[in-house]
Amino acid sequence: AIAHGEGRPEFKSAGDLAMLQANGQVAMRFITNAGAVASHYPANPNGAEQGVTSLCNADGRVTILMPHPERTIAGTVGSFWPKANGEKTPWFRMFENARHWTR
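What counts and what doesn't
Residues numbered from 1 in each chain as written. Predicted model: local features only at pLDDT ≥ 70, side-chain atom pairs only at ≥ 80, totals over all residues. Heavy atoms only, no water. Salt bridge = Lys/Arg side-chain N within 4 Å of Asp/Glu carboxyl O. Helix = DSSP H or I, 4+ residues; strand = E, 2+ residues; numbered from the N terminus. Buried < 20%, exposed > 50% of the residue type's maximum accessible area, 1.4 Å probe, protein only. Pairing = 2+ DSSP bridges. Axes fitted to C-alpha atoms, helices over the stretch in contact; angles between N-to-C directions. Contact = heavy atoms within 4.5 Å. Polar contact = N/O pair within 3.5 Å; in protein donor to acceptor, adjacent residues only side chain to side chain.

Student: Mind showing me how you'd approach the pattern of salt bridges here?
Tutor: Opposite charge on two side chains lets them pair, provided their charged atoms get close. The final tally for this structure, using the stated rule, is 2 salt bridges. For the salt bridge of Asp59 with Arg61, the shortest nitrogen-to-oxygen distance reads 2.9 Å. Of the charged contacts in the structure, one is a salt bridge between Arg93 and Glu96, with a shortest N-O distance of 3.4 Å. With Arg93 and Glu96 both in helix α2 (residues 92-102), this residue pair falls 3 residues apart, about one helical turn. Residue Glu96 is classed as partly exposed on the basis of its relative accessible area, which comes to 27%.

Here it is, written out as structure tokens:
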């Protein structure tokens, strides 16, 4: 499901992205089916530089992201979802992890 073409991060300089990477603050990237960083549509729907789709603050407690995982947690929202995969997509695990962390 693709619901955006905007919302990509913009960095004032190449040094800004390099600093975030060095500090481990790039939390997620768009990737291809082969696991490589995606640079083009459809794997990178908004053309985000180096596939960056999520960043966190220095201590890792706050994360911002552009994909909308809350819109794709049910396998039925996609065009193809084998029944053997169950009802939930891998995105649901992010919400389960957050729930477990807050207990």
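Let us keep going from here.
Student: What is the right way to look at the sheet that holds strand β1 (residues 26-29) in this model?
Tutor: In any sheet, the strands associate via hydrogen bonds between backbone groups, in a parallel or an antiparallel arrangement. Spatially, 3 strands are ordered β1-β2-β3 in an open sheet, and the strand pairing comes out antiparallel. Two strands close off the open sheet at either side, each with one partner strand: β1 and β3 (63-65). Each neighbouring strand pair of the sheet contributes to a mean axis angle of 20°, computed without reference to strand direction. In this sheet, β3 lies alongside strand β2 (residues 52-56) in antiparallel orientation, the contact comprising 3 bridges. Paired with Cys56 across the bridge in β3 is Thr63. Sheet contacts for helix α1 (residues 14-22): β1 and β2; angle to β1, the most-contacted strand, approximately 105°.

Student: I tried to follow unusual backbone geometry on my own but got confused; where do I start?
Tutor: Backbone geometry follows two general trends: most residues other than glycine have a negative phi, and most peptide bonds adopt the trans configuration. In this chain, Tyr41 is followed by Pro42 through a cis amide linkage whose omega measures 10°. In this structure, Pro42 sits in the loop between β1 and β2. For Gln50, which is not a glycine, the phi torsion comes out positive at approximately 55°. Examined against the element boundaries, Gln50 turns out to sit in the loop between β1 and β2.

Student: What exactly am I supposed to notice about the side chain of Asn44 here?
Tutor: Relative to the assigned elements, Asn44 resides in the loop between β1 and β2. Since its relative accessible area comes to 1%, Asn44 is described here as buried. A polar contact is formed between the side chain of Asn44 and the backbone oxygen of Ala38, at a distance of 2.9 Å. Separated by 2.9 Å, the side chain of Asn44 and the backbone oxygen of Ala48 make a polar contact. Setting aside anything within four residues of it in sequence, one finds Asn44 in contact with Phe30, Ala38, Ser39 and Gly51.

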